[in-house]
Amino acid sequence: MSKETNLNYRLERGHGIILPDAEVGLDVSGNVARHIFVSHAHADHLPRDRHMHVYASPATARLMRVRGFQGDVTELAFRQPVEFDRCRVTLWPAGHILGSAMIEVETDAGRVLYTGDYKTPPSPVTEGFACPEATDFFITEATFPLPIYRWRPHEELFAEMRSFASEALGEGYTPVFLGYNLGKAQEIMHGLAPLGVPMQIHGAGYELCRVYEEAGIALGNWEKYDRATVQDGRILITPSSSLDAPMLRNIRRKRVAYVSGWATHESRRVQLTIDKLFPLSDHIDFFELLELTEKLNPRKVYITHTPNPRVVQHYLAERGIASQPLEMEGYEDD
Amino acid sequence: MKMTDAAFQSSYGVSFRRFCEVMQRIAETRGNNRKISLFADYLRSLPDEADVALAVQFAGEGAFSSVSGKRASVGHRTVAVCAAGFCDIDYELVFRACRTATGSASEAIEKLMENLPAAIAKRKPALLSLTETEALFQRLEKERSREGKQALLTEAWTQMTPAEIKFFIRVMGQGSLRIGFESRSITAALAAAFDHDPEDVRYARMITGSLGRTAVLCRRNELSSARFRLFQPIAFMLASPVESRAVEDLTAYLAEEKFDGMRCQLHAEGGKVALFSRDLNEITESFPEVVADFSAKMMPAAVLDGELCVFRDDTIQPFQELQKRMGVKKPGAGVLKKHPVVFIAYDLLFVEGQPLFGEPLKQRREQLETLCEAHGIRRSIQFEIGEEGDVERFFDRALAHGNEGLMLKHPESTYEYGQRRKSWLKVKKPGGTLDTVIMYAHAGSGKRGGTYSDFTLGVSVRDDERYEEEFIPIGKAYGGYTDEELKKLNQAMKPLIADRFGPTYSLKPGIVVELEFDGIQVNRRTKAGYTLRFPRFRAIRWDLSPADAGTLRDVERLAEEKLTADRTPQKGHRSFR
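Residues numbered from 1 in each chain as written. Chains lettered and ligands numbered in written order. Predicted model: local features only at pLDDT ≥ 70, side-chain atom pairs only at ≥ 80, totals over all residues. Heavy atoms only, no water.

### Brief notes about the overall build of chain B
Part 1 of the reasoning: Within chain B, the secondary structure is distributed over 21 helices and 20 strands.
Part 2 of the reasoning: Here chain B has a C-alpha radius of gyration of 26 Å; the compact-globule value for 577 residues is 25 Å, and the two agree.
Part 3 of the reasoning: Projected onto the principal axes, the alpha-carbon positions of chain B cover approximately 80 × 65 × 45 Å.
Part 4 of the reasoning: Across the 577 residues in chain B, those meeting the buried criterion constitute 55%.
Part 5 of the reasoning: Contacts in chain B between residues far apart in sequence, at least 24 positions, make up 69% of those at least 6 positions apart.
Part 6 of the reasoning: When the accessible area of chain B is evaluated, it comes to approximately 25,800 Å², of which 49% is carbon and sulfur surface. (Helix = DSSP H or I, 4+ residues; strand = E, 2+ residues; numbered from the N terminus. Rg over C-alpha atoms; globule rule 2.2 N^0.38 Å. Buried < 20%, exposed > 50% of the residue type's maximum accessible area, 1.4 Å probe, protein only. Contact = heavy atoms within 4.5 Å. Areas by Shrake-Rupley, 256 points an atom, 1.4 Å probe, with all protein chains shown as cover.)

Here it is, written out as structure tokens:
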């Protein structure tokens with residue numbers, strides 16, 4: 001194996017990265033490489049071309065189909081390397097949402113680990129988290145790239161979410177949890193499941209929940225949002241985009257919780273008119289990111305999906321690790 | 001040392017930590033009534049009235065009570081740099097990115113204190129009591145140097161949890177705690193906690209001018225003692241700049257000329273007279289001729305609100321003359337003769353055992369006229385505004401008298417002590433004067449060689465989120481001072497010198513100069529974004545500290561004011577009688 005210090009890559013229009021030496025496309029939006037891999041089923045990582053051939057984990061394949069993908073998906077199991085002409089590819093469970101995978105690409109030029117979106121310790125509604133011992137080129141997201149972000153354990157936050165919900169219900173209010181439909185909604189449901197209270201979920205999230213249960217993840221007692229019954233001792237789970245929609249306006253007595261890594265910021269309380277902020281994220285935090293990078297001991301780190309790569313770079317440099325930001329479109333909030 | 005549970009419980013009860021936890025809960029609670037009841041429960045649980053007073057003051061006023069005039073005077077940048085050092089992070093690169101992401105320095109600091117190993121290792125939360133926390137603020141106020149203030153901050157934070165540190169910084173800033181819980185809710189909580197009528201609590205607050213003092217009266221069940229007492233000053237009613245308020249009908253107001261003097265509250269009964277300044281300090285000794293004048297009148301118990309002015313040759317003399325009297329404890333016969341001061345009344349707050357605050361202005365005015373008539377007291381002349389155009393005419397006339405402008409007062413308004421609302425409006429000469437701080441001194445040349453005679457002056461951006469400095473330059477001025485004043489200035493500079501660049505000294509903030517200028521121009525090439533036209537010294541304000549300096553916001557407001565038309569004096573008109 002050669003000792004290149006830089007990775008040969010190309011950024012793709014829209015989103016995604018191409019590794020030309022391996023003939024691999026990672027989270028690209030069109031049919032632009034010989035082998036295309038999808039890390040997970042969030043929109044900013046999915047192909048816009050709905051009819052091409054891609055590789056993905058089994059759960060991602062199912063979620064993609066629910067979300068309208070009609071192309072051909074070759075399902076790859078985690079930790080099972082697949083050989084191609086010019087590379088070997090392995091999916092590693094990424095702990096972000098169900099099906100989420102980190103993609104390891106090995107060529108003569110070295111090992112590349114592309115994280116997609118990831119979280120360690122993993123979200124409890126995923127296949128867990130695992131990664132290779134080491135890598136040469138580490139392409140990592142850094143959605144939360146500052147030392148103000150350090151996540152508390154899931155169980156601790158779940159317990160607080162349960163007390164928030166029971167207290168609201170006890171005082172005659174409908175608890176509303178704001179979280180996006182794929183991943184965060186199911187995490188919330190899993191955390192609240194021990195309460196045994198019926199939960200209603202926004203229509204777009206409803207179908208996705210089935211995929212979770214088929215994968216053996218308990219989401220408790222849940223049903224589709226029903227305007228007629230939502231205020232009858234139910235918990236409502238819906239994306240924050242519905243804050244101004246009739247769905248929430250119709251509920252006069254409610255207590256609203258915002259569940260997101262961005263809930264770290266007090267300003268979100270006022271911006272969204274929120275009763276409670278739960279900083280529960282499905283992205284890796286700043287400290288875990290540094291720790292994992294050090295463990296992987298890469299030749300170079302490429303930072304994507306970040307509002308500010310400079311601080312991470314500063315800390316990596318202190319550890320003697322070279323890095324550079326990777327300008328990519330399609331960077332989105334949580 | 002490990003505390004026993006009982007010991008922990010009792011120290012926790014009066015701790016700053018518990019106060020912060022209550023504040024955080026209030027922040028996380030929606031609905032005013034729920035917030036109020038949370039705070040009321042907390043106040044009721046405090047064992048000591050001193051703790052109740054501090055909790056209420058921290059929540060509503062800050063580290064110091066508003067009437068004390070004190071401030072911890074720690075700038076944003078001092079706090080931020082100190083926090084970055086405490087957490088062992090790079091200030092420019094890391095701290096600023098965190099603050100930008102959070103949108104609040106104190107909140108970013110809270111998170112960093114919680115997350116960073118260096119900060120965690122240093123912090124040994126000690127469960128400081130409210131009184132211990134107040135003592136820290138007192139020490140910060142007394143400490144002059146930035147290094148000293150940073151050492152004190154570090155000492156404080158070492159003993160605190162991250163949430164305590166966040167609220168410590170916010171309380172220290174004398175501003176809002178940003179928990180959606182303002183003054184009105186705090187008095188409501190006091191009322192709920194100790195079972196009083198909220199109106200009575202608000203009244204006591206106005207009389208005492210202090211939330212802490214009000215809290216004590218609530219707890220002792222002595223609200224009724226919050227009565228006005230002769231020879232105890234009460235907070236002054238303040239005026240808003242007319243351009244800052246939306247006023248529908250100016251003709252509903254009464255106008256008076258605005259004297260360019262010193263606001264004063266005069267208490268008198270028989271031969272006894274006392275004078276109080278706007279910051280409620282007693283200034284009786286400084287103006288013996290006023291005292292002599294009023295004690296000879298043998299008035300009934302009365303409190304007058306008015307202005308001290310130097311009055312000579314039937315003319316109100318410029319403010320600079322009055323300045324020669326301000327702060328002089330026992331003026332000599334020469335000064336008294338050269339700069340004789342009179343008191344011109346314009347409001348009556350109390351007469352013959354009867355408080356008048358609650359009465360409308362027109363009734364107070366009637367009684368004022370009667371009293372003044374009977375005892376020969378100078379009072380401002382009020383005139384009605386027939387049409388909007390009168391305001392401008394009266395204003396020009398006022399300037400011709402050497403007065404500052406106009407006061408517009410609503411005849412139906414009560415005396416709103418300590419408040420700045422639209423019942424009183426001030427119309428001032430636009431672009432006139434600004435209190436600034438000397439930032440740099442430049443060596444003079446020619447006649448002024450050998451002295452530092454040119455000065456770069458700055459305005460405060462201490463509370464301005466857009467800047468990190470405490471002061472930024474607004475203009476360069478020379479002249480307008482006497483040789484003697486310049487000599488004194490050069491002496492006073494010496495201990496403030498921070499750095500030297502060739503013929504220029506950089507000075508620590510310490511000397512306040514009242515600048516006079518012709519106008520303000522937008523100038524985007526300067527840090528402030530404005531330059532002053534023809535700035536010159538109007539007075540060196542030895543009586544003011546840098547904390548009193550004007551702010552960039554003031555400059556921005558002044559810049560928006562329009563220039564007025566030409567001024568033509570009008571003979572035979574008087575501004576008081």
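### Points about the overall build of chain A
Part 1 of the reasoning: For chain A, the count of helices and strands is 8 helices and 19 strands.
Part 2 of the reasoning: Taken along its principal axes, the extent of the C-alpha atoms in chain A is 65 × 45 × 30 Å.
Part 3 of the reasoning: Going through the 334 residues of chain A one by one, you find that 60% of them count as buried.
Part 4 of the reasoning: Partitioning the intrachain contacts of chain A with sequence separation of at least 6 by distance along the chain shows that 58% fall at a separation of at least 24.
Part 5 of the reasoning: Roughly 12,900 Å² of accessible area belongs to chain A as shown, and the carbon and sulfur atoms make up 45% of that amount.
Part 6 of the reasoning: Each charge sign in chain A was given a centre, from 35 positive and 45 negative side chains, and these centres are 4 Å apart. (Lys, Arg positive; Asp, Glu negative; His and termini not counted. Charge placed at Lys NZ, Arg CZ, Asp CG, Glu CD.)

### Brief notes about the packing of helix α3 (residues 32-45) of chain B against helix α12 (residues 183-194) of chain B
Residues and elements named next belong to chain B.
Part 1 of the reasoning: Their axes nearest at 8 Å, the elements α3 and α12 cross at an angle of 55°. Viewed along their axes, α3 and α12 adopt a mutual orientation that is oblique. In terms of crossing hand, the pair formed by α3 and α12 is right-handed. Across the interface between the two elements, N32, I36, F39, A40, L43 and R44 from α3 touch S185, I186, A188, A189, L190, A192, A193 and F194 from α12.
Part 2 of the reasoning: Among the residues forming the contact of α3 with α12, the class breakdown is 11 nonpolar, 2 polar and 1 charged. (Axes fitted to C-alpha atoms, helices over the stretch in contact; angles between N-to-C directions. Parallel < 35°, antiparallel > 145°, perpendicular 65-115°, else oblique. Left-handed = near helix turned anticlockwise from the far one by under 90°. Nonpolar A, V, L, I, M, F, W, Y, C, P; charged D, E, K, R; others polar.)

### Focus on the sheet that holds strand β2 (residues 254-258) of chain B
Hydrogen bonds along the backbone pair up the strands of a sheet, which may run parallel or antiparallel.
Residue and element names in this part refer to chain B.
Part 1 of the reasoning: Spatial strand order, β1-β11-β10-β2-β9: 5 strands in an open sheet with mixed pairing. Sheet topology places β1 (238-241) and β9 (383-384) at the edges, where each strand pairs with a single neighbour.
Part 2 of the reasoning: With 5 bridges joining them, strand β10 (residues 405-409) and strand β11 (residues 420-428) adopt antiparallel strand pairing. If you follow M407 over to β11, its bridge partner there is K426. (Pairing = 2+ DSSP bridges.)

### A few points about the environment of I540 of chain B
Residues and elements named next belong to chain B.
Part 1 of the reasoning: Looking at the element boundaries, I540 is found in strand β20 (residues 536-540).
Part 2 of the reasoning: Classification of I540 as buried rests on a relative accessible area of 6%.
Part 3 of the reasoning: Residues I540 and P117, 423 residues apart in the sequence, show an inter-C-alpha distance of 49 Å.
Part 4 of the reasoning: Excluding residues within four positions of it along the chain, I540 makes contact with Q323, E485, L489, I511, V512 and V513.

### Focus on the nonpolar core
Part 1 of the reasoning: Counting residues in hydrophobic clusters, the biggest one holds 122 residues, and the most contacted among them are F19, M23, F39, L43, W157 and F168 of chain B.
Part 2 of the reasoning: Not counting the four nearest positions on each side in its chain, M23 of chain B is found in contact with F39, A59, F167, L177 and I179 of chain B.
Part 3 of the reasoning: Core analysis: the next-biggest nonpolar cluster, separate from the first, contains 47 residues, V54, F158, M161 and I188 of chain A among them. (Core = buried A, V, L, I, M, F, W, Y, C linked by side-chain atoms within 4.5 Å.)

### Points about the packing of aromatic side chains
Part 1 of the reasoning: For the structure shown, the criterion picks out 37 aromatic pairs over all chains.
Part 2 of the reasoning: Each ring, one from F144 of chain A and one from Y149 of chain A, has its centre 5.0 Å from the other, and the planes form 70°; the classification is edge-to-face. With respect to class, F144 of chain A is no different from Y149 of chain A; both count as buried.
Part 3 of the reasoning: Ring centres of F16 of chain B and F19 of chain B lie 5.7 Å apart, and the angle between their planes is 20°; this geometry places the pair in the stacked category. Of this pair, F16 of chain B and F19 of chain B both sit in helix α2 (residues 16-27), separated by 3 residues, roughly a single helical turn.
Part 4 of the reasoning: Through pairs of rings, three or more aromatic residues link up here, namely F16, F19, F39, Y42, F58, F137, F168 and F181 of chain B.
Part 5 of the reasoning: The cationic tip of K122 of chain B hangs over the ring face of F86 of chain B; the distance from NZ or CZ to the ring centre is 5.0 Å.
Part 6 of the reasoning: The positively charged end of K297 of chain B is found above the aromatic ring belonging to F294 of chain B, 5.3 Å away from the centroid. (Phe/Tyr/Trp six-rings, centres within 6.5 Å; stacked < 30°, edge-to-face > 60°. Lys NZ or Arg CZ within 6 Å of the ring centre and 35° of its normal.)

### Points about helix α13 (residues 198-208) of chain B
All names here are of chain B.
Part 1 of the reasoning: Listed as buried for α13 are V201, R202, A204, R205 and I207.
Part 2 of the reasoning: Looking at the packing, one finds that the buried side of α13 touches α12 and α14 (211-220).
Part 3 of the reasoning: A distance of 2.9 Å separates the backbone nitrogen of E199 from a side-chain oxygen at the start of α13, and that oxygen is part of D197.
Part 4 of the reasoning: Immediately beyond the C-terminal end of α13, within one or two residues, lies G209, with a positive phi of roughly 70°. (Polar contact = N/O pair within 3.5 Å; in protein donor to acceptor, adjacent residues only side chain to side chain.)

### What to know about the packing of helix α9 (residues 130-142) of chain B against helix α10 (residues 146-158) of chain B
Residue and element names in this part refer to chain B.
Part 1 of the reasoning: Contact geometry of α9 with α10 gives a least axis separation of 9 Å together with a crossing angle of 170°. By the angle between their directions, the pair α9 and α10 is classed as roughly antiparallel. Facing α9, whose interface residues are L136, R139, L140 and E141, α10 presents K149, L152, L153, E155 and A156.
Part 2 of the reasoning: Tallied by class, residues from the contact of α9 with α10 come to 5 nonpolar, no polar and 4 charged.

### A few points about the interface of chain B and chain A
Part 1 of the reasoning: Taken residue by residue, the interface counts 21 residues in chain B and 22 residues in chain A.
Part 2 of the reasoning: Among the residues of chain B in contact with chain A, R30, L93 and N115 of chain B are the three that bury the most area, contributing 31% of the side total.
Part 3 of the reasoning: Counting across the chain B and chain A interface gives 2 salt bridges.
Part 4 of the reasoning: Residue E28 of chain B is joined to K276 of chain A by a salt bridge in which the shortest nitrogen-to-oxygen separation is 3.0 Å.
Part 5 of the reasoning: Along the contact surface separating chain B from chain A lie 8 residue pairs in polar contact (both at pLDDT 80 or more).
Part 6 of the reasoning: When residues of the side of chain B that touches chain A are traced back to their parent elements, those giving at least two are α2, α6 (91-102) and α7 (105-115) of chain B.
Part 7 of the reasoning: No other element matches α6 of chain B, which puts 6 residues into the side of chain B that touches chain A. (Buried area = accessible area lost by both parts, 1.4 Å probe. Salt bridge = Lys/Arg side-chain N within 4 Å of Asp/Glu carboxyl O.)

### A short note on the pattern of salt bridges
Part 1 of the reasoning: Summed over all chains, the structure comprises 54 salt bridges over all chains.
Part 2 of the reasoning: Linking E160 of chain A and R152 of chain A is a salt bridge whose minimum nitrogen-to-oxygen distance equals 2.4 Å.
Part 3 of the reasoning: With a shortest N-O distance of 3.9 Å, R365 of chain B and E256 of chain B are connected by a salt bridge. Of this pair, R365 of chain B sits in helix α18 (residues 361-375) while E256 of chain B sits in strand β2; the two residues are 109 residues apart in sequence, bridging distant segments of the chain.
Part 4 of the reasoning: Taking relative accessible area as the criterion, R365 of chain B reaches 7% and is therefore assigned buried.
Part 5 of the reasoning: Judged by relative accessible area, E256 of chain B falls into the buried class, the value being 1%.
Part 6 of the reasoning: Ionic contacts of the salt-bridge type, sharing partners, join the residues E256, R365, E369, E373, R379 and K409 of chain B into one network.

### Quick word on unusual backbone geometry
Part 1 of the reasoning: Cis geometry marks the peptide bond from T120 of chain A to P121 of chain A; its omega dihedral reads -5°.
Part 2 of the reasoning: Turning to its location among the elements, P121 of chain A is positioned in the loop between β10 (110-114) and β11 (137-141).
Part 3 of the reasoning: A positive phi angle, close to 60°, is found at D195 of chain B, a residue other than glycine.
Part 4 of the reasoning: When you line up the elements, D195 of chain B lands in the loop between α12 and α13.
Part 5 of the reasoning: We classify D195 of chain B as exposed; its relative accessible area is 70%.
Part 6 of the reasoning: Even without glycine at this site, E352 of chain B takes up a positive phi of about 50°.
Part 7 of the reasoning: Looking at the secondary structure, you find E352 of chain B in the loop between β7 (341-351) and β8 (354-355).
Part 8 of the reasoning: Of the residues examined, E352 of chain B reaches a relative accessible area of 60% and is grouped as exposed.

### Let's talk about the domain arrangement of chain B
All names here are of chain B.
Part 1 of the reasoning: One can read the domain layout of chain B as domain 1 (5-68 + 180-225), domain 2 (76-172), domain 3 (240-429) and domain 4 (432-562).
Part 2 of the reasoning: Just the C-alpha atoms count here: the centres of domain 2 and domain 4 sit 31 Å apart.
Part 3 of the reasoning: The partner domain 4 presents 6 residues to the 7 residues of domain 2 that form the contact.
Part 4 of the reasoning: Across the interface of domain 2 and domain 4, roughly 580 Å² is buried in total on both sides, 33% from carbon and sulfur atoms.
Part 5 of the reasoning: Our enumeration of links across domain 2 and domain 4 arrives at 4 salt bridges.
Part 6 of the reasoning: Here R146 ties to E470 by a salt bridge, and the two come within 3.3 Å at their closest N and O atoms.
Part 7 of the reasoning: On the surface where domain 2 and domain 4 come into contact, there are 7 residue pairs in polar contact (both at pLDDT 80 or more).
Part 8 of the reasoning: Taken together, the elements giving at least two residues each to the side of domain 2 that touches domain 4 come down to α5 (76-87) and α6. (Domains from an automatic or database assignment.)

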